[in-house]
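# Close look at the chain arrangement
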Amino acid sequence: MSKTTFSQNDPLRNPIDELHTVFPTSGFGTVLARAGVGKTGILVHLALDYLAQGHHVLHMSLSDTIDKINLWYKEIFHHRVNTLSYLNDIEKRSFWDHLQSYRFIMSFLADDFRWDKIIDSISDLKKQAIFSPKILIIDGIQFDASSREGLVNIKKYADEHQIFVWFSIRTHRHEEFNANGYPVRITPILDMFDACITLKPENDIVHIDFAKWPSATPIILPKLCFNPATMFISTSGNP
Amino acid sequence: MKYHIEKLRNIGISAHIDSGKTTLTERILYFTKKIHAIHDVKGKDGVGATMDSMELEKERGITIASAATYCHWKDYEINLIDTPGHVDFTIEVERSLRVLDSAVLVLCSVGGVQSQSITVDNQMKRYKIPCIAFINKCDRNGANPLRVIQQMKEKLNHTPVALQIPIGLESNFEGIVDLIDMKAVYFDGKCGEIVRTEDIPEHMLEQAKAMREQLIDTASLCSDELTNAVLEEQPISPDMLIQAIRNGTLTRQLTPVFMGSAYKNKGVQTLLDGINAFLPSPSEVQNYALDTTDRESQVLLDSDPEKPIVSLAFKLEDGQYGQLTYIRVYQGALIKGATLKNTRTGQKIKLGRLIRMHADQMEDITSLPAGYIGAIFGVDCVSGDTFTDPELNLSMTSMYVPDPVISLALTPLDNKSQMNMMKALNRFSKEDPTFRTHLDEETNETIIEGMGELHLEIYVERMRREYKVEVNADQPRVAYRETITRKSVFDYVHKKQTGGAGQYGRIAGYMEPIMDQEFVFDNRVTGGSIPTQYIPACEKGFRSCLAKGPLLEYPVTGMKIAINDGASHSVDSSDMAFQAAARGAFLQAYHKAEPVILEPIMKVVVETPNEFQGGVMGSLNQRRGIILGAQDEGYICVIEAQVPLAEMFGYSTVLRSLTQGKAIFTMEFSSYKPVPSQLAELLLKQRKK
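Notes on the structure follow. (Residues numbered from 1 in each chain as written. Chains lettered and ligands numbered in written order. Predicted model: local features only at pLDDT ≥ 70, side-chain atom pairs only at ≥ 80, totals over all residues. Heavy atoms only, no water.)

## Topic: the overall build of chain B
The cut-off we apply is this: Numbering of helices and strands runs from the N terminus, with a helix taken as a DSSP run of H or I at least four residues long and a strand as a DSSP run of E at least two residues long. Each radius of gyration reported is based on C-alpha atoms, and the globular scaling rule is 2.2 Å times the count of residues to the power 0.38. With residues, only the protein chains shown are counted as cover, and all accessible areas are computed by Shrake-Rupley using a 1.4 Å probe. In this tally Asp and Glu are treated as negative and Lys and Arg as positive; neither His nor the chain ends contributes. Charge positions come from single atoms, namely NZ of Lys, CZ of Arg, CG of Asp or CD of Glu.
From N to C terminus, chain B includes 16 helices and 38 strands. Here chain B has a C-alpha radius of gyration of 29 Å; the compact-globule value for 689 residues is 26 Å, and the two agree. The dimensions of chain B, computed from C-alpha atoms along their principal axes, are 100 × 65 × 60 Å. Total accessible area on chain B is roughly 29,400 Å²; 48% of this is exposed by carbon and sulfur atoms. Positive and negative charge centroids in chain B, built from 75 and 89 side chains respectively, lie 5 Å apart.

## Thoughts on the pairing of strand S30 (residues 481–484) of chain B
Residue and element names in this part refer to chain B. Applied cut-off: For each residue, the accessible area found with a 1.4 Å probe, counting protein chains only, is set against the maximum for its type, and the residue is called buried under 20%, exposed over 50%, and partly exposed in between. Pairs of strands are assigned from DSSP output, requiring at least two bridges between the strands.
Burial along S30 is two-sided: the face carrying Arg-481 and Thr-483 and the face carrying Glu-482 and Ile-484 are both buried. The pairing of S30 with strand S35 (residues 595–609) spans four bridges and is antiparallel. Of the residues in S35, the one forming a bridge with Ile-484 is Pro-595.

## Regarding the sheet that holds strand S8 (residues 175–178) of chain B
Residue and element names in this part refer to chain B. The test is simple: For every element, the axis is a line fit to its C-alpha atoms; helices are fit only across the contacting stretch, and the angle between N-to-C directions ranges from 0 to 180 degrees.
Ordered in space as S7-S8-S9-S10, the four strands form an open sheet in which the pairing is antiparallel. Two strands lie at the open edges of the sheet, namely strand S7 (164–167) and strand S10 (194–198), each paired on one side alone. Pairwise comparison of adjacent strand axes, ignoring direction, gives a mean angle of 30 degrees for this sheet. Pairing geometry for S8 and strand S9 (residues 183–188), over four bridges, is antiparallel.

## A word on the pattern of salt bridges
Which entries qualify depends on this criterion: Salt bridges are defined by distance alone: a side-chain nitrogen of Lys or Arg within 4 Å of a carboxyl oxygen of Asp or Glu.
Under the definition given, this model contains 38 salt bridges over all chains. The shortest N-O distance in the salt bridge between Asp64(A) and Lys68(A) comes to 3.9 Å. The class for Lys68(A) is partly exposed, based on a relative accessible area of 42%. Ionic pairing is found between Glu640(B) and Lys603(B), a salt bridge with its closest N-O pair at 4.0 Å. Here Glu640(B), found in strand S37 (residues 636–644), pairs with Lys603(B), found in strand S35; they are 37 residues apart in sequence, far enough to count as distant.

## Some details on the interface of chain B and chain A
The line we're drawing: It only takes one pair of heavy atoms within 4.5 Å for two residues to be counted as in contact. A simple way to read buried area is as the amount of 1.4 Å-probe accessible surface that goes missing from two parts once joined, with both sides added. Between N or O atoms, a polar contact is any pair within 3.5 Å; within protein, one atom must be a potential hydrogen donor and the other a potential acceptor, and residues adjacent in sequence are included only when both atoms are from side chains. Residue type decides the class: Asp, Glu, Lys and Arg count as charged, Ala, Val, Leu, Ile, Met, Phe, Trp, Tyr, Cys and Pro as nonpolar, and the leftover types, Gly among them, as polar.
The partner chain A presents 23 residues to the 29 residues of chain B that form the contact. Buried surface at the junction of chain B and chain A, summed over both partners, amounts to about 2,100 Å²; 56% is from carbon and sulfur atoms. Considering only the surface of chain B that becomes buried against chain A, Met515(B), Leu628(B) and Asp632(B) emerge as the three largest contributors, covering 28% of it. Counting across the chain B and chain A interface gives two salt bridges. With its nearest N and O atoms 2.9 Å apart, the salt bridge here joins Lys117(A) to Asp632(B). Viewed at the interface, chain A and chain B are joined by seven residue pairs in polar contact (both at pLDDT 80 or more). Counting only elements with at least two residues in the side of chain B that touches chain A, the list comes to helix H5 (145–156), helix H14 (613–622), strand S36 (626–632), S37 and strand S38 (664–674) of chain B. Classifying every residue of the side of chain B that touches chain A by side-chain character gives 11 nonpolar, 10 polar and eight charged. In this sheet, S36(B) lies alongside strand S3 (residues 103–108) of chain A in parallel orientation, the contact comprising four bridges. Directly across from Phe108(A), in S36(B), lies its bridge partner Asp632(B).

## Thoughts on the sheet that holds strand S34 (residues 559–567) of chain B
Residue and element names in this part refer to chain B. The strand order S31-S32-S34-S33 describes an open sheet built from four strands, whose pairing is mixed. The open sheet has two edge strands, strand S31 (488–496) and strand S33 (519–523), and neither has a second partner. Pairwise comparison of adjacent strand axes, ignoring direction, gives a mean angle of 25 degrees for this sheet. Judged from the eight bridges that link them, strand S32 (residues 503–513) and S34 form a sheet pairing that is antiparallel. Counterpart to Gly-509 in the pairing with S34 is Ile-563. Contacts between helix H12 (residues 535–544) and the sheet are confined to S31, S32, S33 and S34, with S33 contributing the most and set at about 155 degrees to the helix. Those strands touched by helix H13 (residues 575–590) are S31, S32 and S34, and its axis lies near 140 degrees from that of S31.

## Brief notes about the pairing of strand S25 (residues 406–412) of chain B
Residue and element names in this part refer to chain B. Of all seven residues that make up S25, six are buried, and the element is covered over most of its length. Bridge count between S25 and strand S27 (residues 446–450): five bridges; the pairing is antiparallel. Looking across to S27, one finds that Ile-406 is bridged to Gly-450. As paired elements, S25 and strand S28 (residues 471–473) share three bridges and run antiparallel to each other. Following the sheet pairing, Thr-411 is matched in S28 by Asn-472.

## Remarks on the packing of helix H10 (residues 415–431) of chain B against helix H11 (residues 453–467) of chain B
Residue and element names in this part refer to chain B. Cut-off, in case you're wondering: The scheme is simple: roughly parallel for angles under 35 degrees, roughly antiparallel for over 145, roughly perpendicular for 65 to 115, oblique for anything else. With the far helix as reference, a near helix turned anticlockwise by less than a right angle produces a left-handed crossing, and one turned clockwise produces a right-handed crossing.
Interhelical geometry of H10 versus H11 gives an angle of 125 degrees and a closest axis separation of 10 Å. If you check the angle between H10 and H11, you find them oblique. The two elements H10 and H11 cross, and the hand of that crossing is right-handed. Residues Asn-420, Met-421, Lys-423, Ala-424, Leu-425, Arg-427, Phe-428 and Glu-431 of H10 touch H11, and the partners they reach there are Tyr-459, Arg-462, Met-463, Glu-466 and Tyr-467. Looking at the contact of H10 with H11 residue by residue, the class counts come to seven nonpolar, one polar and five charged.

## Here we look at unusual backbone geometry
All names here are of chain B. Located in the positive-phi region is Glu-170, a residue other than glycine, with phi close to 55 degrees. Tracing the sequence through the fold places Glu-170 in the loop between S7 and S8. The exposure class assigned to Glu-170 is partly exposed, which follows from its relative accessible area of 30%. Positioned with a positive phi, Glu-553 is a non-glycine residue whose angle comes to about 65 degrees. Within the element layout of this structure, Glu-553 appears in the loop between H12 and S34.

## Points about the packing of aromatic side chains
Residue and element names in this part refer to chain B. Selection rule: Any two of the Phe, Tyr and Trp rings considered here, Trp counted by its six-membered ring, make a pair once their centres fall within 6.5 Å; the pair's planes then place it as stacked at under 30 degrees, edge-to-face at over 60, or tilted in between.
Within the structure shown, the criterion is met by 26 aromatic pairs over all chains. The interplanar angle of 70 degrees and the centroid separation of 5.4 Å between the aromatic rings of Tyr-30 and Phe-31 together place this pair among those described as edge-to-face. For the ring pair Phe-521 and Phe-542, a centre distance of 6.2 Å and an interplane angle of 40 degrees mean the geometry is tilted. On the criterion of sequence distance, the pair formed by Phe-521 in strand S33 and Phe-542 in helix H12 is long-range, its members being 21 residues apart. In terms of burial, Phe-521 and Phe-542 fall into one category: buried.

## With respect to the environment of Gly192(B)
Residue and element names in this part refer to chain B. Looking at the secondary structure, you find Gly-192 in the loop between S9 and S10. The sequence separation of Gly-192 and Cys-138 amounts to 54 residues, and the corresponding C-alpha distance is 15 Å. Every residue in contact with Gly-192, bar those within four places of it in the chain, is listed here: Phe-31, Phe-187, Asn-265 and Gln-269.

Quick look at the structure:
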């Protein structure tokens, strides 16, 4: 039905397709921005595209409850699906039910979060044949130089099990940035990420910058922006 | 009876299962000297908690029907309703909240904000009920009240303000530090009845000061006086702080948090002080009625006892002296011997016996002023009826009643049981609007419907015990529905000529699926192709097809029917002919509209120790469940899933054996969804047999 249209309508789709020609199965991507700019929103947009294409997405959050994460998905899904005027309400609901069956949310709200919990949790789900993710979204980890060991282990696991992982990295207004605009705090781990999207707020709009984006062939990446009020991603100039 | 409305509090106590709300109520009654001995909830001493007056409640240790009582605490009168914790009995909670002015949300300091804490909090939001929180069980292993406060922010979107911090925790829990008066409070004596205040222990002073600063910061958002005092660095008096917190509580901007252990008799008296200080009196709550003569426009009620009476019957019970009706007065006063009008029926009644309830004991009174809750005897009414002065035409807003999702067939074993069963069912369905009953004409079985397995189980058990009914209960059945999935047109002519006047009617139009509504009839006929007088007959004909769908004879839902053309005959057309034409048109279009069977899907939340997480998820998966996610909260894990109700029968036993009895689950109706095609075929085969 509308699965392909749902993804094709998303301006992020082409850059993501291009990324996966270089990293077809596993890899690390990140969305980097200050608090409240829209990292979770962008990750959920990406996740919905993967879900619409039939990929199993595991969304892990260290800051939000299941209900809150589900609400993100619901909101963005409805904003996007409501543009598909040829679908009636029942088809929209059944499409949502279909996407939900490909998604699993894990939320770690305890103070004692450890990196190895990520691998343990996925292994448990796979071992018991409950859920086998192809895309892993990890939102809310506090990164610094000491995160390298955890990332290395996850990378190894993701390569073995063919999982592409998207992280969010939170930056702070007053921290020190290097010449490329990345926080100095995370420069020791930046090489771990194969792709990087940065979000830059300007007035009511957030500009999406493909700061690091490998591609098999030379491509011109679109200039996109995210409107936090409407949750829409559009090409710059058409918010 | 003394009457000081500003010193009256109508409160409910709401919480997740087993958070200790009945224990807390028991302690409140003890410390307010309403009872003189404390009994355990599960009735180890053979008595049971005072508010759990039903035999079954004492045995199972859960509250089934809410009981009402009142007590006094330091010049204040508190009307108290203890409400059930199980989701199946939610209607009791809803009805209590409709008539109460405020509530105490009890949270377990180990379990924190649990699934049903969220449900009851949503109910409070719906009725805009201000609340205070009591974090109970601080003496238990794993108690962490500060984590619970954090969860109140994250899961309930509250702005909690801790008014106390615990002195010690778990087995070392000794008392609390009062952050308003900056004193340590201990509870001495055999039952904690002696409240001793001391200086704050040295090692806690810094923490107490920091927490008080946080408290002042948050409370200052609700009071200009406090904000000015903070900015001008003046000393903050306890009264100033209390007033600011009260302002915030009444507008639901703040939730004051108390803590203690009801079981160990610690923190209950300070909670009672908090109820007096922070929760509203009935005169501070705005209640509206609907004017039935003016298109149900809202009318603000006045708690003045001299005004004409407006009251709401919110709960019925059939006792040994006849029907007992719990009633809340919103305006004026109920006077023994006065004449009242039931707004729904227009019937006038003379008020005979007027009483106040204390669990299963009662006290006769002569008047009940606005704001108060009492009960009347011998009045025939249903739950939700409004009683007013005969000159008024006001109705209180109707209460939300969910539809039942599960049914059970009952067959009485003998004639005597048959008679008694009818009596029992009549009483239960009047008392509880979510419990319904009807006779299946085909099988001649009595069908009872309700909100869950436990809900029906309890009523069957009550029939056995209270009415001596010997009855065979069938396996529970799921309330399936039918709906259509695509638009389909019809053009049907009903024509019959059998001698004498014939029958003729033609109806054309379409049916299409709609969301969130049972049935919509849309008349688009123009030019009189169907004469106006036959349009209601068309609607009636279509509606008559909805009760038993053509597919599997389940009720049809989510359908819009529009008629846009037709024809009539000057002699042969009649209401009957158009009703028959509508039924024919319905059948003509229904199968083309790709009908499907819908089944109730439940939102299931399981709380389990982490080590059983995998097993629990597996068990939900096996039941056609879609697991939405798992939340790791330290030593426990909360799993949320959507599971068809048909697969959940007997799940409590399975979960118990899977987790050594350490996990609990709650279940509430979420939505109707199509059953998978294989199962639909199976249902079809079963129906054909």
